[in-house]
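# Geometric and topological summary
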Amino acid sequence: MINPLSTSPDASILGLGYLGRPLAQKLYEHGSRVAAVKRSLTSDDINLPIRLDTLDLNQDSAFPSADRACDTTIWQHHADKPVWFCLLPPSSLTHYADTVKQWAELARACNVQHLIFTSSTSVYGDKARECDETATPDPQTESARQILAAEQYLLDSGVPNIDILRLGGLYCAERHPVSRLVQKQNIPGGNQPVNIVHRDIAVETLFQTTLHPNGRRIRNIVEPHHPTRRDFYTAEAAKLGLPPPDFTPDDTGGGKIVNTVSADGLSL
């Protein structure tokens with residue numbers, strides 16, 4: 001249900017981590033009642049102003065059968081939320097696509113109206129080309145294949161509103177990929193373009209998506225500029241007071257560039 005005093009709908013969040021925690025805070029600040037599921041509690045979770053449950057989604061019993069879908073101890077706190085988010089990376093689950101399918105089936109059984117799923121631009125593969133939402137996916141890794149399969153399960157779920165957000169590489173000051181790069185030597189791919197998005201942009205996009213459901217949509221969420229990895233990470237390292245990453249000097253470039261067809265992405 002939507003709280004009449006809020007500007008955003010009540011929401012359930014699967015995955016209270018890098019994106020889930022700041023998103024939950026933003027939703028709460030705008031009057032939403034928020035329920036979230038994560039694998040285990042940490043000291044940072046004490047006294048959060050949300051309903052927080054712990055659950056190992058790799059267990060066969062994580063999702064209830066259809067006849068009792070919305071009545072179990074955990075999921076009953078999520079069943080009355082009209083918007084459900086899945087923010088889990090493939091690395092967190094043994095059977096990623098199948099788990100997302102079960103989650104979507106549970107959402108439909110609970111009459112959820114809007115599913116929002118964080119996908120990845122990795123579904124376009126690594127071939128040097130320009131991609132937008134009309135480009136044919138070409139996943140080259142098992143992780144990307146699992147993500148693409150999860151997307152299709154969602155589109156076929158029967159939930160009225162589906163938003164699939166294909167995120168570029170996430171970064172922010174507190175958790176920045178350059179911190180790992182500066183520990184390496186002779187890094188290949190320095191002249192390849194980046195397809196990145198700051199965490200604040202991703203969280204704001206997720207929040208705005210809750211306010212404007214409109215059928216089934218796929219959107220690429222990437223920053224509009226695509227400097228080379230060398231230029232981007234060298235500039236980012238300087239901001240953080242780190243040495244420049246050691247990219248291989250004779251790299252030939254290549255790599256895909258991901259853009260978006262419009263602010264609303266591709267409607268299906």
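Here, the structure is the one placed above.
Residues numbered from 1 in each chain as written. Predicted model: local features only at pLDDT ≥ 70, side-chain atom pairs only at ≥ 80, totals over all residues. Heavy atoms only, no water.

### Examining the pattern of salt bridges
- Under the defined criterion, the tally for this structure stands at eleven salt bridges.
- Glu142 is the salt-bridge partner of Arg145, the closest N and O atoms lying 3.4 Å from each other. Placement of both Arg145 and Glu142 in helix 3 (residues 142-155) is noted, with a separation of three residues, approximately one turn of the helix.
- Connected via shared salt-bridge partners are Asp10, Arg33, Asp80 and Lys81. (Salt bridge = Lys/Arg side-chain N within 4 Å of Asp/Glu carboxyl O. Helix = DSSP H or I, 4+ residues; strand = E, 2+ residues; numbered from the N terminus.)

### Quick word on the sheet that holds strand 12 (residues 266-267)
- The strand order across the open sheet formed by eight strands is 3-2-1-4-5-7-10-12, and the pairing between neighbours is mixed. Since the sheet does not close on itself, it has two edges, and those belong to strand 3 (51-54) and strand 12, each with one partner.
- Strand direction decides the pairing type here: strand 10 (residues 216-221) and strand 12, joined by two bridges, are antiparallel. Pairing of Arg217 across the sheet is with Ser267, part of strand 12.
- On top of the sheet, helix 2 (residues 96-109) reaches strand 1 (11-14), strand 4 (83-86) and strand 5 (114-120); it is set at about 165° to strand 5, its chief contact. (Pairing = 2+ DSSP bridges. Contact = heavy atoms within 4.5 Å. Axes fitted to C-alpha atoms, helices over the stretch in contact; angles between N-to-C directions.)

### As for the nonpolar core
- Counting 38 residues, the largest nonpolar core has Trp75, Trp84, Trp103, Leu115 and Phe117 as the members making the most contacts within it.
- Contributions of two or more residues to this core are made by strand 4, helix 2, strand 5, helix 3 and strand 7 (161-167).
- Of the residues forming this core, the biggest block, seven residues, is contributed by helix 2.
- Once residues lying within four places of it in the same chain are set aside, the contact partners of Trp103 are Leu14, Phe63, Trp84, Phe85, Cys86, Leu115, Ile116 and Leu154. (Core = buried A, V, L, I, M, F, W, Y, C linked by side-chain atoms within 4.5 Å. Buried < 20%, exposed > 50% of the residue type's maximum accessible area, 1.4 Å probe, protein only.)

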